[in-house]
Amino acid sequence: MTTLPKFITGPSNFLDERLGGANFLKRNLRKIFPDHWTFLLGEIALYSFIILLLTGTFLTFWYEPSMDDVIYNGPYAPLRGVEMSAAYASTLEISFEVRGGLLMRQMHHWAALLFVASLVIHMLRVFFTGAYRKPREINWLIGIGLFTLSLFEGLSGYSLPDDLLSGAGLRITQGVIQSIPLVGTYLSFFLFGGEYPGVVIIARFFTMHILLIPGLLVALITAHLILMWVQKHTQMPGKGRTNMNVVGAPLMPAFMAKSGAYMLFTLAVLAGLATFAQINPIWLFGPYTPADISAGSQPDWYMGFLEGSLRLMPAWEINMFGTANAGTLPLSVLIPALLPLGLIITGLVLYPFLERWITGDRSEHHIADRPRNNPHRTAIGMAGVTFYGLLWLLGANDEIATFFHISLNWTTYIGRVLIFVGPALAYFISYRICLGLQRSDASVIGHGVESGVIKRLPHGEYIEVHSPPSEDIEAHVRGKRPVPMLPAARGAGERVPPRYARTLLGRLRVKMSRAYGGEEIPLDGHREHEERPVAKREQ
Ligand code: HEM
Ligand code: HEM
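Residues numbered from 1 in each chain as written. Chains lettered and ligands numbered in written order. Predicted model: local features only at pLDDT ≥ 70, side-chain atom pairs only at ≥ 80, totals over all residues.

For the chain, the name recorded in an unreviewed UniProt entry is Cytochrome bc1 complex cytochrome b subunit, with Nonomuraea aridisoli as its organism. According to the UniProt record, the Catalytic activity (unreviewed entry) comment for the chain reads "a quinol + 2 Fe(III)-[cytochrome c](out) = a quinone + 2 Fe(II)-[cytochrome c](out) + 2 H(+)(out)". What UniProt states about the chain under its Cofactor (unreviewed entry) heading is, verbatim, "heme". (UniProt positions renumbered as here; feature names shortened; annotations may be inferred.)

Got a minute to help me understand the UniProt feature "domain: Cytochrome b/b6 N-terminal region profile" (unreviewed entry) in the chain in this structure?
Within this numbering scheme, the UniProt entry marks residues 11-237 as carrying the feature "domain: Cytochrome b/b6 N-terminal region profile" (unreviewed entry). As a span, residues 11-237 carries 69% helix and 4% strand, and end to end its C-alpha atoms are 43 Å apart. (Helix = DSSP H or I, 4+ residues; strand = E, 2+ residues; numbered from the N terminus.)

Would you take a moment to explain the nonpolar core for this structure?
Generally speaking, soluble globular proteins have nonpolar side chains that are buried together. Grouped together as the largest cluster of nonpolar side chains are 66 residues, with contacts concentrated most on M107, A111, F115 and L270. Here the element with the most residues in this core is helix 5 (residues 101-128); it accounts for 13 residues. (Core = buried A, V, L, I, M, F, W, Y, C linked by C-beta atoms within 7 Å. Buried ≥ 20, exposed ≤ 12 C-beta atoms within 10 Å, placed from the backbone.)

In this structure, what is going on with the pairing of strand 8 (residues 462-467)? I would like to understand it.
As a general feature of sheets, a regular strand has side chains that alternate between the two faces. Direction of pairing for strand 7 (residues 449-456) relative to strand 8: antiparallel, over a ladder of six bridges. If you follow I454 over to strand 8, its bridge partner there is E464. With antiparallel pairing between neighbouring strands as the criterion, strand 7 and strand 8 make up a hairpin whose turn holds five residues, including G460 at a positive phi of roughly 105°. (Pairing = 2+ DSSP bridges.)

Where do I start with the UniProt feature "transmembrane region" (unreviewed entry) in the chain in this structure?
Look at the UniProt record and you will see "transmembrane region" (unreviewed entry) annotated at residues 37-63, 110-128, 140-160, 201-230, 261-279, 333-354, 375-393 and 413-431. The straight-line gap between the two end C-alpha atoms of residues 110-128 is 27 Å; of that span, 100% is helix and 0% is strand. Taken end to end, residues 413-431 comprises 100% helix and 0% strand; its first and last C-alpha atoms sit 28 Å apart.

Printed below as a string of structure tokens:
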């Protein structure tokens, strides 16, 4: 055994005698982490969040959250002499006068885009592999909290520079708040401190952006990671992996080294983007004035789906008692602003519990599902992704119309049809693809994998020789577990249905359960090419 040098053992003994952490560290540094490339997505979200904290803190040193009027007198000649808010002027100062300021601003903005993107794809990974199942439902709910807070964090940050684009976003936010029945006007007055835009909103958003929401995010991310640590990470099915063990590398040194490298890589990519790819050049847009708007303005990508739903909605409104004086219910704003986000969040929150209720599955799951092995879940997820994706695409319908030379109205009409048809189609196609992939798994087990060797049979037919799958592939494929489902409402010879199937809701539950677990391709039932020659596996 090697002895560590005194300059390491000295301070560590000093700390251990006072804090007693050696045992804790010894236990936890050996903790095993499973490996799969998709487990990197949560890490990317974590690293971009750390970069957001660091670059954001840098920006607070110079950014001035004030709507006081100033006359610009800085180095950017086209805006010299223009009246603007101190917030906008300070963002120009960060961009043109503070050393490294523009780099930090651009890194902050790129990191914000990457953060939300990696978080959303991480959420999809968790969904499609069923990693939200028992015992990880609480971590799933914490994740949805993180997702929602991140959208508000992005929205508040986007508003801070007080340029024409951020003002346009703020205007939409105010419109949405005002559309809420009965309390909308009051809420708007409350948030903006009087008539829009007022003079307090930037300072309020600043407090939310740098204190309130990051504080909540840090607390929730800490809880998220502690829970993940305590409950252990799921693993993909494979050789030697069971519901009771974890196969992978220990935290120290393998996982630490890998994670450290991933973090530096994320930092390098963001620094590279910030150096070479311009983002949010606010000096080109000019200061915000409520009367101005520019063509082709787009929000950050994660707000695009709300923009799309606003653009898609017909101009419906209800005038109470037939007159606008008694109050107007602007459905054209209320529905698109609240419905998609409401649907998405409610769907995400309820899904683990609905699935558990439908399947009657009460067991713990530490082996992740391959998406193909739960076709209905995957198809529902893809329908959701299509719904979101279409709204997102339609948020840029003006750009699409200009680029493809089609009428703007037609993009809206087609979008209104697609938003209903698209998810249904996506559901059907994904479901069929999953079954197709299950069939291909069954054929791997049934008659091996293609070997690339073509043989000619005595009667002239050419065939490809199949060789047995490697142990790893076979274990991966055989990791498939049937989707749990309730027994039929009344088994053969049973006169009384089980208790849970006696009510109308109970019978519906059984029907849904049978459909959800439904069609399954057995791994060992694929015999159609049985006669094909299978070469002996070479050891
Ligand atoms: C999830 C975390 C965060 C997201 C998604 C986010 C997003 C954004 C965005 C999109 C902007 C506009 C950037 C631009 O001008 O191009 C912004 C600005 C800003 N953010 Fe953040 N941010 C986050 C965290 C933070 C934190 C933790 C701080 C401070 C500790 C911070 C401080 C600032 C400041 C001072 C500005 C205004 C300066 C400027 O726009 O150049 N941000 N943020
Ligand atoms: C700020 C955003 C987030 C950060 C920094 C984060 C970080 C992480 C990390 C590092 C892991 C372990 C590695 C991995 O599986 O990728 C993880 C696991 C997990 N995350 Fe997140 N996450 C975030 C958001 C979310 C969201 C939005 C959800 C779902 C709604 C979610 C649900 C989960 C679950 C259920 C696990 C356990 C997965 C398993 O054991 O397979 N997380 N998270």
